[in-house]
Structures are given as structure tokens and as C-alpha cells.
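Understanding the architecture of this molecule
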Amino acid sequence: MPFPKDFLWGGAVAGNQYEGGYQSGGRGLSTLDAVTGGGYKKPRMMTYRTKEGQIGESPIDSSLTGQIPEGAVGFIKPDTFYPSHMATDFYHHYKEDIALFSQMGFKCFRMSISWSRICPKGMYDLNEEGLEFYDHVFDELLKYGIEPVVTINHFDMPLYLADHYDGWSSREVIDFFVFYAKTVMHRYKDKVKYWMTFNEINVLSSWCQIGIHRNDPQTLYQAHHHIFVASAKVVELGHSINPDFIIGMMAAVTPSYPMTCKPEDVMESIRFNRAREFYMDVQVKGYYPAYKLKEFQRMGVNIVMEDNDLDIIRKGTVDFIGFSYYMSTVSTTDSDAEKTEGNQFTAFKNPYLSTSDWGWTVDPMGLRIALSQLYDRYHVPLFIVENGLGAADTVEDDGQILDDYRITYLRGHIKAMKEAVELDGVELMGYTPWGCIDIVSAGTGEMKKRYGFIYVERYDDGTGDFSRRKKKSFDWYKKVIASNGEELG
Ligand code: BG6
């Protein structure tokens, strides 16, 4: 049996896409509350008010990149649909949902805490009701023997910090974040053992994710430096709060293959992969790698650091790498090569592989490749904390949802991860498929793009009563977990 007995099978979600209750229990607004729904190839809009009082909107592109004018503040327009406001209403359904997760046999559940539920302005303002909400959630999970796996920050930022501090471009935000993280780590120290600091740190770039109003390289990398320092401080602090904490980083992993064996294509794929590896090199190895420092020089980026920042980064390295894997891509210097959609970037089409209905390349073996490369390079345990197929589900007349396409996708990826463990010796902690219950899509803002084993009656026009029903994949995944990955159907 390739997987250890305590392998963490489960599912994953994020607060801004699942929780809802955006104004309940004393929660403050977050940037994502001012981002509308969109659609396939129809961008989500960030809505804002300028210094002069004009209301405007600005698109986020498929890479979730997008800014609003300098000095503008997030603004919620009346009569506009904002999917995160209610999302799929975990806030009011957590008991029912956790009971369903337990029926599937989940050993763990990955979720994020909403920063503005704990600190409504993101500063030193604590909201006890918000803290109590997560107490109830964690207690409910533990009642069923499900380990919470908590992302401290998943793609959102208290709106106040974006409006008043230009988000992570300000150094002050490090202290605000550390205060928030310290608060939750103390509060839940006997309930939560597994933590990750920032979701997909390697793709954070837009106003809605990190609150910045410009994303030129200087501003962006300065903001990322602040995020690195904050994360490293939190890792060290977490270990002092509870030495049993297991604290990881989290990155979006999309391995890129050279389109041909032409050396230029190979170099291009190295360049593409380094854009991600940079974040892992800093957070796992504890230093800024040479190739990135050279790139900074070429771009004229000059990171402003305090004296002991590099020391903090060196000391605050993580215990494991959590990562999302949905697809691979290819690199080429041929600008005419066919393009397709990607997880937060436009990708080149791989002629050997098919794509999902949303244009993402489907590549199960790419997961084995990613696991092997990561383990060989970093030698730390790995945790697949996101993987899955976004697809449009149909409810049949008899109420069934026959999502065989999802089963096929997941089966292929589980086989690949088994091979990585069995044949390549990768140390793998667990597997939490993305959106284990239907949630709002981050990239498109849609409900139509669903990932779950559990269907939620919620639609893109804002209708739906939030009732839950099991899809065919529910029982399939239950058997996978019960057999520790042996019975894949
Ligand atoms: C990951 C994010 O990149 O991809 C999730 O961490 C996101 O938040 C997931 O939902 C799938 O992307 P999408 O755009 O299909 O929701």
C-alpha cells in the first residue's frame, strides 16, 4: 500500500469563495467583496470609487491580475451581484457540510480564515464573534475526527488596508498580519495543527488579492518581500506557540515542458518554472536565489529591506510545501504557437493533451512529474492541497448528477500521485481535492464552473436555495478514502 495509514485524505475550499456571511457576526469588508461575478472569457470587475467620487470598474484578467486607479477605494455598487457575499453559505451550513464530509470519510479539511472576520479593519481590532465562529467550525470538524488544515490568508485582504495602506506595498501591513496570525494561532493552538501562511504566493498580484494599486515590478516585488517577511515571522512564531504545529507554504504549481528540444525552448521553460521556484526557494531554502537577484538588477528593481529581514527569512523556513496542481503547460519561443487558458495565466496548448471546458490542459502524469521535481529539489514533505476539474454539472430529472468526467480526472491524478510515492519515493502528506463542495470560481466568479462532490443549488443570477445534494463522485471518493487509495473504480 503506497499511502501511509495516516495519509490526509480530504477536501479544500477558501473563505472568500465558500463562506458567505459577509456582513454577519461583525465581519469587516474584504477586497473580494467588491469583485463582481464574470463568466467564461468575461472578466470579473473590481468596483471602486475614485478620490474625485467617481464610481468605476476595472477587470481582473484570467491571471487574476488587475488594478484600480491610485487612491481609489473599493466600492460595493447597489443592484450588482457580488458572488462572495453569500458564496455557498458555509457560514450557515457548516454543520450540515461537515457531516457530509465525515460521511465521505474525510481525514482533514482545508479551509481559510477570513482576515476581516477576525480583524474587521485588518489592524489590531479584534472581533470576538468572528473568533467564535471558527471555534465552532473547528469543534465540529474535530467531533468527527477531521483535522482542520488552515490557510491563514487565501486571496483576500481587509478592504480597509487596501484603501488606507495600499495593501502589502506598505511595510506596516507586516505587523498587522503577524498580529492577526498570532491571534488565530494562539486561539486555536489545541484545535489546529496544520497551517499554511499564504495561498498560491507565487501568483499574488492584483488589487483584490493584495490590495496594491499598481503592479509594476518594483511595487509588486516590494509587496512580495513584505509578504515573505510576514510569512517567515509567522512560521517562527507558530513554532513557539505550539512546537507540534506543522506549517507550510503554498504555491500554484503548473510545470512547464519545453515545446521542442530546441535549446531556446528549454531555456524558456527554465525561465517559466523559475518564476514559481523563486517563491519556494525563499520560503523553503530561506534565501533570495541568484537568478532572481540578477533579474531584479536587469529590471531595475530595488527591494527596500530592513537590516534583519534576510535573517528572518532564513530562520522562518517552512515544514512542508502545499501546492495546487490543475494542469501543465509548455514553453516556446514561437510566438505563433497555439494558446489556451490556464490557471491564472494564458498557456500554450500541448498537442498531446486535451483541455477542460474552461481550456485548462488535463495532464495527470504532470502531477507525478511535479511531485518528483519538487521532492528532488526541496527534500521536504509535500501536500497536494488543490486538484480537480472545473466542469458544468447537469442535474438529471431524477435529481442525480452523473459527474463521471470528474471521477475520470481525479482517478488519473490519484494514480499519478501513487506512482510518485511508490516508484519515486516522494514523501506525500495528503490530498485535498479543490472545491470538495461547490463554491464560487476564483478566476471567473462563476457558480457554473463546479468542482465539488456535493452540489449546491446556487446559480450565477443569484438564485438558488443553497440546498446540498451528493453527486455520483461522492460515493466514488468515499470508497477511495476507505480503501486508502486502492479502490479507484
Ligand atoms: C487556485 C486557487 O488557483 O485555483 C483557488 O487557489 C481557485 O482559489 C482554484 O478557485 C481554481 O480556479 P478557478 O478559477 O477555477 O476557481
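What follows is about the site of the ligand. The local shell around the ligand holds 16 residues, among which Gln17, Glu200, Ala442, Lys449 and Tyr451 are the closest. For the ligand, an oxygen atom lies 2.8 Å from a polar atom in the side chain of Glu386. In the environment of the ligand, an oxygen atom lies 3.2 Å from a nitrogen or oxygen atom belonging to the side chain of Ser441. A per-class count over the shell around the ligand returns 6 nonpolar, 7 polar and 3 charged.

Moving on, we get to the side chain of His85. Considering the arrangement of structural elements, one finds His85 in the loop between strand E4 (73-74) and helix H2 (90-104). Owing to a relative accessible area of 10%, His85 belongs among the buried residues under this scheme. Separated by 2.8 Å, the side chain of His85 and the backbone oxygen of Asp33 make a polar contact. Look past the residues within four positions of His85 in its chain and what remains in contact with it is Gly20, Gly21, Tyr22, Asp33 and Ile76.

On to the sheet that holds strand E1 (residues 8-12). Overall, parallel pairing links the 8 strands, which are arranged E1-E5-E6-E7-E8-E10-E14-E15 in a closed barrel. Between one strand and the next, the sheet's axes are offset by a mean angle of 30°, whatever the strand orientation. Pairing analysis gives 3 bridges linking strand E14 (residues 382-386) to strand E15 (residues 428-431), with the strands arranged parallel. In the sheet register, Phe383 faces E15, and the bridge partner there is Gly430. Against the sheet, helix H13 (residues 404-422) touches E1, E14 and E15, its axis set at about 170° to E15.

When you line up the elements, Asn202 lands in the loop between strand E7 (194-198) and helix H7 (207-210). For the pair formed by Asn202 and Arg411, sequence separation is 209 residues and the distance between their alpha carbons is 27 Å. In this structure Asn202 touches Ala251, Ala252, Arg276 and Tyr279, once residues within four positions along its chain are discounted. Within the local environment of Asn202, its side chain forms a polar contact with the backbone oxygen of Ala252, the two atoms lying 2.8 Å apart.

By the criterion of burial, E1 is predominantly enclosed, with 5 of the 5 residues buried. Residues Leu8, Gly10 and Ala12 point to one face of E1 and Trp9 and Gly11 to the other, with burial holding for every one of them. Pairing analysis gives 2 bridges linking E1 to E15, with the strands arranged parallel. When the sheet's bridge partners are listed, Leu8 is paired in E15 with Gly430. Pairing of E1 with strand E5 (residues 108-112), which is carried by 3 bridges, proceeds in the parallel orientation. Note that in E5 the partner of Ala12 across the bridge is Arg110.

Turning next to the packing of helix H4 (residues 128-143) against helix H6 (residues 172-187). Orientation of H4 relative to H6, taken along the N-to-C sense of each, is 45°, at an axis distance of 11 Å. On the basis of their axis angle, the class for H4 and H6 is oblique. Along this stretch, H4 crosses H6, giving a crossing that reads as right-handed. Two secondary-structure elements touch here, H4 through Glu128, Leu131, Glu132 and Asp135 and H6 through Thr183, Val184 and Arg187. Classifying every residue of the contact of H4 with H6 by side-chain character gives 2 nonpolar, 1 polar and 4 charged.

Reading guide: rules and limits
- Residues numbered from 1 in each chain as written.
- Predicted model: local features only at pLDDT ≥ 70, side-chain atom pairs only at ≥ 80, totals over all residues.
- Heavy atoms only, no water.
- Near = heavy atom within 4 Å.
- Polar contact = N/O pair within 3.5 Å; in protein donor to acceptor, adjacent residues only side chain to side chain.
- Nonpolar A, V, L, I, M, F, W, Y, C, P; charged D, E, K, R; others polar.
- Helix = DSSP H or I, 4+ residues; strand = E, 2+ residues; numbered from the N terminus.
- Buried < 20%, exposed > 50% of the residue type's maximum accessible area, 1.4 Å probe, protein only.
- Contact = heavy atoms within 4.5 Å.
- Pairing = 2+ DSSP bridges.
- Axes fitted to C-alpha atoms, helices over the stretch in contact; angles between N-to-C directions.
- Parallel < 35°, antiparallel > 145°, perpendicular 65-115°, else oblique.
- Left-handed = near helix turned anticlockwise from the far one by under 90°.

Just distances and angles here, no functional claims.
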